[in-house]
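Geometric and topological summary
One letter stands for each residue in the lines below.
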Amino acid sequence: MQRLMGSSDGVYVLFASFTQASVSGRGALKNGQFFLTIPDNQQLHLKPFEACDGVKPSQPIKVYQTETILLYSQALNRTVGPLLQADAPKDPTRVVRWLYSSGNATVLGRCTGLNTSYDLTLHQGWNAVLTATEKQKNGNGQLYTNVREQLPYWLSGDFKLDRARSTLPAAFFEVPRTMSF
C-alpha cells in the first residue's frame, strides 16, 4: 500500500458499490487530493439496519454501505486500486467506512457473545463510521463509532484491471445522477 502523492491528471476516485454496480460519487485526483461529489438524494438500495443480537437502532432505519473507494485512470483505462481510509497502510486498527442512513438514530450496544460494540449517532444522509480494533482481556474486539479524527487514504493492494471500461459495468463510468426516493 502507498499513500497518495503527486500529480495525477485523468485519475478519478470512484465511491462505488460492486454488488450494485453503481457509483455514488466521483472526484478528480489532483496533486494527491480529491473532493468527491455525492448527490444527497439519489436512488440507493437501502436495507433495514441489522447488526447482531444485543444491538438495535433507537428507531427503525434503512441503510446503505459503500463497499469501496476505487482509483481509476481514465487515460490508461485501468483501475489502479482501492483506497482505504485508515490509520496505517498495513494491518490497520482503525478503518473508516461510509454508511447512508434513511433517518436519525443512535445505535448502541454490545453483540451477544461477541467482542463487538456499537456507539453510533447516525443522521439522515451519509455518515462516516469508524471500525476500531480494540485489545480486550478476552481477545480483540471491534468498536463501531463515529469518526472523530481525519485518517489518511492509502492505495491498498494491487488491483490493476486493464480495459476497465469494457470489463466493469457501464454504471461505473456514468456521472451519478441526483434522484428522489
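Further remarks concern the overall build of the protein. When helices and strands are tallied, the protein shows one helix and 16 strands. Within the span of the protein, comprising 181 residues, buried residues form 42% of the whole. Residue pairs in contact within the protein that sit at least 24 positions apart in sequence constitute 63% of those at least 6 positions apart. On the protein, roughly 10400 Å² of surface is accessible, and the fraction owed to carbon and sulfur atoms is 49%.

With 15 residues, the main nonpolar core has Val13, Leu44, Tyr64, Leu71, Leu83, Tyr100 and Trp126 as its most contacted residues. At the level of secondary structure, the elements contributing two or more residues to this core comprise β2 (11–17), β8 (68–73) and β9 (78–85). The element contributing the most residues to this core is β2, with three residues. Counting twelve residues, the second largest nonpolar core, distinct from the first, contains Ile61, Val63, Leu99 and Cys111.

As enumerated under the stated definition, the model contains two salt bridges in all. Note that arginine 94 is salt-bridged to aspartate 87, the shortest N-O span being 3.4 Å. Glutamate 149 is paired through a salt bridge with arginine 94; the nearest N and O atoms lie 2.3 Å apart. Taken as a pair, glutamate 149 in the loop between β14 (139–146) and β15 (153–155) and arginine 94 in strand β10 (residues 94–101) lie far apart in primary sequence, 55 residues in all. Looking at arginine 94, the relative accessible area reads 26%, which means it is partly exposed. What emerges from the salt-bridge pattern is a single network uniting Asp87, Arg94 and Glu149.

Unusually for a residue other than glycine, asparagine 31 sits at a positive phi of about 55 degrees. The topology assignment puts asparagine 31 in the loop between β3 (22–30) and β4 (33–34). A positive phi angle is found at aspartate 91, which is not glycine, with a value near 50 degrees. Relative to the assigned elements, aspartate 91 resides in the loop between β9 and β10. Exposure remark for aspartate 91: the relative accessible area of 71% places this residue in the exposed category.

For the coordinates displayed, the defined rule picks out seven aromatic pairs. One aromatic cluster is present, built from ring pairs that chain together Phe15, Tyr64, Trp98, Tyr100 and Trp126.

With that out of the way, let us pick up the state of the cysteines. Per the stated rule, a full pass over the model turns up one disulfide. Here cysteine 52 engages in a disulfide with cysteine 111; their sulfurs sit 1.8 Å apart. Handedness here is read from the sign of the S-S torsion; for cysteine 52 and cysteine 111, about -75 degrees, the answer is left-handed. Pair noted here: cysteine 52 is in the loop between β5 (47–48) and β6 (55–57) and cysteine 111 is in the loop between β11 (105–110) and β12 (116–122), with a separation of 59 residues, a long-range link.

So, how was this worked out
- Residue positions within a chain follow its written sequence, with the count starting from 1.
- Owing to the predicted nature of the model, reporting of local features is limited to residues with pLDDT of at least 70; listing and counting of side-chain atom pairs is limited to 80 or more, with chain, interface and lining totals taken over all residues.
- Only hydrogens and water are removed before side-chain values are computed, so all heavy atoms of the structure are retained for them.
- Starting at the N terminus, helices and strands are each numbered in turn, a helix being any DSSP run of H or I of at least four residues and a strand any DSSP run of E of at least two.
- In this scheme, a residue with accessible area under 20% of its type's maximum is buried, one over 50% is exposed, and one in between is partly exposed, where area comes from a 1.4 Å probe on protein chains only.
- Residues count as neighbours in contact if any of their non-hydrogen atoms are within 4.5 Å of one another.
- Only the protein chains shown count as cover for residues, with accessible areas throughout obtained via the Shrake-Rupley method and a probe of 1.4 Å.
- The criterion is simple. A nonpolar core is a set of buried Ala, Val, Leu, Ile, Met, Phe, Trp, Tyr and Cys residues joined through side-chain atoms within 4.5 Å.
- Salt bridge, as used here: a side-chain nitrogen of Lys or Arg that lies within 4 Å of a carboxyl oxygen of Asp or Glu.
- What counts as a ring pair is set by centres within 6.5 Å for rings of Phe, Tyr and Trp (its six-membered ring), and what kind of pair is set by the plane angle: stacked under 30 degrees, edge-to-face over 60, tilted for all other angles.
- Note on terminology: disulfide denotes any pair of cysteine sulfur atoms within 2.5 Å.

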